[in-house]
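# What the coordinates show
Spelled out, the chains give:
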Amino acid sequence: MSTLVRHAAALGRPVALRIVLSMVAAVIAVGAAVALLATSGYLISRAAEMPPILLLTVAIVGVRFFALLRAASRYVERILSHDAALRVLVRARRDFLARLVAAPNAALPRSADLLSRAVADVERLQDLFVRVLAPPVVAVVVALGATAAAAVMVPLGAAVMFGGLAASAMGLAWLGRNLARSATARQQEARAAMGTEVADTVHASLELVAMGQGEAQVVRMMAADARLAGVMRADAVGAAVAASLGTAATWGTVIGLAVVGVGAVRDGSLAGVSLASLVFIGLAAFEAVLAISPAARASVAVESAIERLESLPSAPPSAAPPAAACEATARGPLTLAIEGISVRPAPDAPAVVRNVRLAIAPGERVALLGPSGCGKSTLTRALVGLLPFDPGTIRVDGIDIRDVDVRALRSRVRLCDQDAHVFATSVAENVRLARPEAGDDEVLDALRAVGLGPWLATLPDGIHTHVGDDGARVSGGQRQRIILARGILADPDLLIVDEPTTHLDHDGARAYVDDLLATRAGAALLMTTHRLSGLEAFDRIVVMRDGRIVESGTPGELVARGTEYPRMLAAARTVDGAANVPVVGSPKPA
């Protein structure tokens, strides 16, 4: 419960007034319901004695008043509570996304599990005030009010009323939380398995069909669905048992009040017309108490959602950046220095980048060459803060990047990843992702700069043409150029392009490199590649093997040394018959 209280205080502070007013309205609504039934019971009993109609006027007006009050206060409570819940949801989703952006990619859970947290767990937080904290508060206030009313009528009835309400509330809360704990654990495991099967089916549908495994995957998905349905049915039985016990407690208390009330009528301490009011007060008061069981179950679900959201790894907090670090975030020529870093693609994986040292001067164009799997992509992700590194240091203009705000770092150093996602929207919106405020003319200029002008002229809607799900309507070369246009539009001080020519033929790869160098003229560039096409135009070539840098120099210097780079050229001549059409290593799987 401390977790709930802590998060309620954090999330509810901006909407505290709405939450308090919604609880007050809820208390008035349930109190009006109790008063309505009590007044109705008195009116029916009194009317049975057939008194003059004037003697019933007050009771009739009371019934109408409490009915209208109940409806109006319930409406106000719904408006205020849902408005507060939705505001909390917006803030919770914003905080989650901010934490997700800052989290090291290697430590993130699988995409299906991450999607479940982003949707189901975040949305569960809106129940914190409406379904978890409000019902107990309303139940306590209404129970005390009902007990006080019963004490005025029959002192012994107050004891029966309080005992029944208190015992039911505590019993239902205990039962609800215990049932929900086991239910939530089972459902989360079953939902995670189901989500994984669905994600695998959707993402790998083409491969599954091509390999003849489509039907087998559907069987696995249906089996996971059946397990989830079975768990949910079993949990529904537990909830039904709790609801039945709540109903039994309600009628047990009502019968107890009736017995006490009849005795009071016999000894003359209670008027006969008030007996129905006493019984109906107890019946109506349980409307608030019975809501405790669902609230207890919801509290476990919310606690579990909070734990899953908090388990998402985040970047370690750092002290406030020194003044020098703030200056390092200013735009302009940039110097990058990598000093003996080692990087792991995942926390429990061995290091694939080991003791790398590399410096990039302002405006320098560097090609990082090496076979697939040597650690090039892992290194680029560490340079923009997507992967942690230890030991070693990465410095931007002499400042450790761990002392620079990650957003400021990425505004100066941009990564065009080889596996960057192409969204199911227009070409323009995919490019504008780098700078949302950019106009169509700026987007068009960036696309033309990467050689997509002729292609855009053939599209029915130009830059506003949709590219399909994950860029299904564009070729591999067009996809890579759209991703590059993002980097061009962002205009960083250092652009890192990771394996851009992997899926291109020789002519396409050569044209891509030429366009890349032309668009980044005078600006710093780091391109990773396993191909040698066009590398002679770079200022420096850095060769990487098995996670280490084995040599570095200008293309002419490396050829003159006769070491790693010349051997690559010789191997390319042997395989392809031409020095400018080599392929080193094999492309990474898509």
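Cut-offs used in this document
- Residues numbered from 1 in each chain as written.
- Predicted model: local features only at pLDDT ≥ 70, side-chain atom pairs only at ≥ 80, totals over all residues.
- Heavy atoms only, no water.
- Helix = DSSP H or I, 4+ residues; strand = E, 2+ residues; numbered from the N terminus.
- Expected span 1.5 Å × (residues − 1).
- Buried < 20%, exposed > 50% of the residue type's maximum accessible area, 1.4 Å probe, protein only.
- Patch = residues over 30% accessible without salt bridge, like charges linked within 9 Å, V, L, I, M, F, W, Y side chains within 5 Å.
- Areas by Shrake-Rupley, 256 points an atom, 1.4 Å probe, with all protein chains shown as cover.
- Salt bridge = Lys/Arg side-chain N within 4 Å of Asp/Glu carboxyl O.
- Pairing = 2+ DSSP bridges.
- Axes fitted to C-alpha atoms, helices over the stretch in contact; angles between N-to-C directions.
- Parallel < 35°, antiparallel > 145°, perpendicular 65-115°, else oblique.
- Left-handed = near helix turned anticlockwise from the far one by under 90°.
- Contact = heavy atoms within 4.5 Å.
- Nonpolar A, V, L, I, M, F, W, Y, C, P; charged D, E, K, R; others polar.
- 1 Å grid on protein atoms, 1.4 Å probe; cavity = no way out; pocket = protein on both sides within 12 Å on 5 of 7 lines; lining within 4 Å.
- Points joined across faces, edges and corners; volume = space filled by probe spheres on them.
- Core = buried A, V, L, I, M, F, W, Y, C linked by side-chain atoms within 4.5 Å.

For helix H10 (residues 292–310), with 19 residues, the first-to-last C-alpha span of 26 Å sits near the 27 Å given by 1.5 Å per residue. Within H10, 15 of the 19 residues are buried, which leaves the element mostly enclosed by the surrounding structure.

For the rest of this paragraph, the subject is a nonpolar patch on the surface. Where nonpolar side chains cluster on the molecular surface, the patch consists of Val20, Val24 and Ile28 and spans about 230 Å² of accessible area. Secondary-structure assignment places Ile28 in helix H2 (residues 16–48). By relative accessible area, Ile28 is classed as partly exposed at 36%.

A regular strand places its side chains on the two faces of the sheet in alternate fashion. Judged by how many residues are buried, strand E7 (residues 494–498) sits mostly within the fold: five of five residues are covered. Both faces of E7 are covered, namely the face carrying Leu494, Ile496 and Asp498 and the face carrying Leu495 and Val497. Two elements, strand E6 (residues 413–416) and E7, share four bridges in a ladder whose sense is parallel. If you follow Cys416 over to E7, its bridge partner there is Val497. Note: E7 against strand E8 (residues 524–529), five bridges, orientation parallel. Its bridge partner being in E8, Leu494 is matched across the sheet by Ala524.

Counted according to the given criterion, the structure contains 21 salt bridges. Notably, a salt bridge pairs Glu77 with Arg78, separated by 2.6 Å at the nearest N-O pair. Accessibility expressed as a relative area gives 42% for Arg78, which makes it partly exposed. Notably, a salt bridge pairs Glu339 with Arg395, separated by 3.3 Å at the nearest N-O pair. One end of the pair, Glu339, is in strand E1 (residues 336–343); the other, Arg395, is in strand E4 (residues 393–396), and 56 residues separate them in sequence. Since its relative accessible area comes to 30%, Glu339 is described here as partly exposed. A residue is classified by how much of its surface remains accessible, and Arg395, at 28% relative accessible area, is partly exposed. A cluster of three or more residues bridged by salt bridges with shared partners is formed by Arg70, Arg74, Glu77, Arg78 and Glu287.

Once that is clear, we can look at the packing of H2 against helix H5 (residues 127–153). Packing of H2 against H5 brings their axes to within 9 Å, and their N-to-C directions diverge by 50°. As the angle between them shows, H2 and H5 are arranged oblique. Here the hand of the crossing between H2 and H5 comes out right-handed. Every residue of H5 that contacts H2 at Ile19, Met23, Ala26, Val27, Val30, Gly31 and Val34 is listed here: Phe129, Leu133, Ala134, Val137, Val138, Val141 and Val142. Looking at the contact of H2 with H5 residue by residue, the classes come out as 13 nonpolar, one polar and no charged.

What follows deals with the pairing of strand E9 (residues 540–545). In terms of residue burial, E9 counts as a mostly covered element, since five of its six residues are buried. Counted along the chain from E9 to the antiparallel partner strand E10 (residues 548–553), the turn is two residues long, and its residue Asp546 has a positive phi close to 50°.

Once that is clear, we can look at the environment of Ile463. Residue position: Ile463 is located in the loop between helix H16 (453–457) and helix H17 (476–490). Exposure remark for Ile463: the relative accessible area of 9% places this residue in the buried category. When the C-alpha positions of Ile463 and Val427 are compared, they lie 5.2 Å apart, and in sequence the two are 36 residues distant. When residues no more than four places from it in sequence are discounted, the contact partners of Ile463 are Ser426, Val427, Ala428, Asp440, Leu444, Leu447 and Leu456.

Within a sheet, neighbouring strands are paired by backbone hydrogen bonds and run either parallel or antiparallel to one another. Spatially, the six strands line up as an open sheet ordered E6-E7-E8-E3-E9-E10, and their pairing is mixed. Because the sheet does not close on itself, it has two edges, and the strands there are E6 and E10. With strand direction ignored, the average angle separating the axes of adjacent strands in the sheet is 15°. Bridge analysis of E9 against E10 gives five bridges, and the strand direction is antiparallel. For Arg545, the partnering residue across the bridge sits in E10 and is Arg548. Contacts from helix H18 (residues 506–519) reach strand E3 (365–369), E7 and E8 within the one sheet, and its direction differs from that of E8 by about 160°.

The computed volume of the second largest pocket comes to approximately 1200 Å³. Lining the second largest pocket we find 50 residues, and of these Arg124, Asp127, Arg131, Pro294 and Ala298 sit closest to its centre. Of all the secondary structure elements, the ones that give two or more residues to the lining of the second largest pocket are H2, helix H3 (57–102), helix H4 (111–124), H5, helix H6 (155–203), helix H8 (214–266), helix H9 (275–289) and H10. For the lining of the second largest pocket, the element with the highest residue contribution is H6, accounting for ten residues.

It is worth spelling out the sheet that holds strand E5 (residues 399–400) at this point. The sheet built from four strands is open, its strands ordered E2-E1-E4-E5 with antiparallel pairing. At either end of the open sheet lies a strand with only one pairing partner, and these are strand E2 (353–360) and E5. For E1 and E2, the ladder comprises six bridges, and the chain directions are antiparallel. What sits directly across from Leu336, in E2, is Ile360.

A word on the nonpolar core. Counting 44 residues, the largest nonpolar core has Leu447, Val497 and Leu535 as its most contacted members. Looking at this core, the element that brings in the most residues is H17, giving six residues. Not counting chain neighbours up to four residues away, the residues in contact with Val497 comprise Cys416, Leu484, Tyr512, Leu516, Leu525, Leu526, Met527 and Thr528. Grouped together as the second largest cluster of nonpolar side chains are 33 residues, Ile341, Val356, Ile394 and Ile399 included.

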